[in-house]
Amino acid sequence: MTITMYGITNCDTIKKARVWLESREIPYRFHDYRAEGIEAERLAGWVGKVGWEKLLNKGSTTFRELADRDKEALDEKKAKKLMLARPTMIKRPVLEVGDRILVGFKPEVYEEAVG
């Protein structure tokens, strides 16, 4: 089973998730949004599985710094456009485990999915 973690290296939640996986010797690939971005097709697939509301991190610094007009009247199309333009608005981590998508880090969810 291939596991890919998506996020940014300096995120505390990413660090916790990486420690959790590494302490259990679970192999994974790390995809850094800042260095590699995110493909529109991949984001669309995630949105189809978990919904844009779960993926868009409205608490992120990047989102909070947006102009008010960009935050208003959010829908799927607008949210995907924002996340593609600034992937640091995507909640972290996103873990692809086979065809499953896990958003955020909860040890009990990771244990069930990959432990």
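Just so we're clear, the structure is a prediction, and the values are computed from it rather than from any experiment. (Residues numbered from 1 in each chain as written. Predicted model: local features only at pLDDT ≥ 70, side-chain atom pairs only at ≥ 80, totals over all residues. Heavy atoms only, no water.)

### Side note on unusual backbone geometry
Step number 1: Following arginine 92, the chain continues into proline 93 via a peptide bond in cis, with omega recorded as -15°.
Step number 2: Positive phi, normally seen in glycine, also occurs at glutamate 25, with a value near 55°.
Step number 3: Among the secondary structure elements, glutamate 25 is positioned in the loop between helix H1 (12-23) and strand S2 (29-32).
Step number 4: For alanine 73, which is not glycine, the phi torsion reads 50° and is therefore positive.
Step number 5: Mapped onto the secondary structure, alanine 73 falls in the loop between helix H6 (68-71) and helix H7 (76-85). (Helix = DSSP H or I, 4+ residues; strand = E, 2+ residues; numbered from the N terminus.)

### As for the pattern of salt bridges
Step number 1: Enumeration according to the criterion identifies 6 salt bridges in this entry.
Step number 2: The residue glutamate 36 makes a salt bridge to arginine 29 at a minimum N-O spacing of 3.8 Å.
Step number 3: Relative accessible area serves as the criterion here: at 43%, glutamate 36 is assigned to the partly exposed category.
Step number 4: Overall, arginine 29 belongs to the partly exposed group, its relative accessible area being 42%.
Step number 5: By sharing partners, the salt bridges in this structure join Glu39, Arg42 and Glu96 into a single network. (Salt bridge = Lys/Arg side-chain N within 4 Å of Asp/Glu carboxyl O. Buried < 20%, exposed > 50% of the residue type's maximum accessible area, 1.4 Å probe, protein only.)

### Some thoughts on the nonpolar core
In a soluble, globular protein the nonpolar side chains are often hidden away together inside.
Step number 1: In this structure, Leu21, Trp46, Leu55, Met83 and Ile90 are the most contacted members of the largest nonpolar core, which totals 38 residues.
Step number 2: Breaking this core down by element, the ones donating at least two residues are strand S1 (3-7), H1, helix H3 (40-50), helix H4 (52-55), H7, strand S3 (94-97), strand S4 (100-103) and helix H8 (107-114).
Step number 3: At 4 residues, the largest contribution of residues to this core is made by H1.
Step number 4: Discounting chain neighbours no more than four positions away, the residues touching leucine 21 are Met5, Ile26, Tyr28, Leu95, Tyr110 and Val114. (Core = buried A, V, L, I, M, F, W, Y, C linked by side-chain atoms within 4.5 Å. Contact = heavy atoms within 4.5 Å.)

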